[in-house]
Amino acid sequence: MKTAIYPGSFDPVTAGHLDIIRRAAGLCDRLIVVVMHNQAKKPAFSPEERCALLRRAAEGLPNVEVQMFSGLLADYAGQQNADTIIKGLRAVSDFEYEFQMALANRKLNPNLDTVFLMTSAEHMYLSSSIVKDIAAHGGDITGLVPDSVKNEILLRIRKDGNTWQH
């Protein structure tokens, strides 16, 4: 069984994330979408809330499961018997950092490969930060996030106003 991991902060999940999840699910037998802790970011949603949003967004994809983890991704991959990390790329600017991470993960776990998936053209500009900014200022996030989680994202971001930071 081929197991892949799609890691990220997913704060919140976007239509771009869901695009990568759907496509990655077709490349493996088991896809684990893992909510990771990123010390550089101040999240709007707790890890548990992000997992719940992802589970709702990925409903209907039978080989997709959602988990959370704090630690080294290479270690987590070993624990899950995963041999592939999936990373979504929006632009060339994403590649340099992700390439370094892929090499570091391979050094820590020689059985681990990273597969880069280019986002679909309609999502190239999209990020969780953009979604939060639009929502915080009363903008319409229809099409930017999965419909199944849109209202929950709006309620949280608009309730908190502009308190979140990138």
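Refer to the preceding data block for the structure.
From a predicted model like this one, the values you see are computed outputs, not experimental measurements.

Draft legend 1. Focus on the pattern of salt bridges. Going through the model one piece at a time under the given rule, you end up with 10 salt bridges. With a shortest N-O distance of 2.5 Å, Arg156 and Glu49 are connected by a salt bridge. Of the two residues, Arg156 sits in helix 6 (residues 147-160) while Glu49 sits in helix 2 (residues 47-57), which places them 107 residues apart along the sequence. Take Arg156: its relative accessible area is 17%, and that puts it in the buried class. The class for Glu49 is partly exposed, based on a relative accessible area of 24%. With its nearest N and O atoms 3.4 Å apart, the salt bridge here joins Lys87 to Glu98. With Lys87 in strand 4 (residues 84-89) and Glu98 in helix 4 (residues 92-108), the pair connects residues that are 11 residues apart, well separated along the chain. Taking relative accessible area as the criterion, Lys87 reaches 17% and is therefore assigned buried.

Draft legend 2. Molecular detail of the sheet that holds strand 2 (residues 30-36). Strand order in the open sheet made by the five strands is 3-2-1-4-5, with parallel pairing throughout. Two strands bound the open sheet, and with one partner strand each, they are strand 3 (64-69) and strand 5 (113-118). If you compare each strand with its neighbour and ignore which way they point, the axes differ by 30° on average. In terms of strand pairing, strand 1 (residues 3-8) meets strand 2 through six bridges, oriented parallel. Following the sheet pairing, Ile5 is matched in strand 2 by Ile32. Packed onto the sheet, helix 2 meets strand 2 and strand 3 and runs at close to 170° relative to strand 3.

What counts as what
Residue positions are given per chain, counted from 1 along the sequence in the order it is written. The predicted origin of the model limits local features to residues at a pLDDT of at least 70 and limits the giving and counting of side-chain atom pairs to 80 or more, whereas totals for whole chains, interfaces and linings rest on all residues. Processing note: side-chain calculations cover all non-hydrogen atoms of the structure and skip hydrogens and water entirely. Salt bridges are defined by distance alone: a side-chain nitrogen of Lys or Arg within 4 Å of a carboxyl oxygen of Asp or Glu. Runs of E in the DSSP output that reach at least two residues are strands. Runs of H or I that reach at least four are helices, and both are numbered from the N terminus. When a residue's accessible area, from a 1.4 Å probe over protein chains only, is under 20% of the maximum for its type it is buried; when over 50% it is exposed; and in between it is partly exposed. Following DSSP output, two strands are said to pair if at least two bridges run between them. Axis angles are defined between N-to-C directions and span 0 to 180 degrees, where every axis is a line fitted to C-alpha atoms and, for a helix, only to the segment in contact. In this description, contact between two residues means that some pair of their heavy atoms is separated by no more than 4.5 Å.

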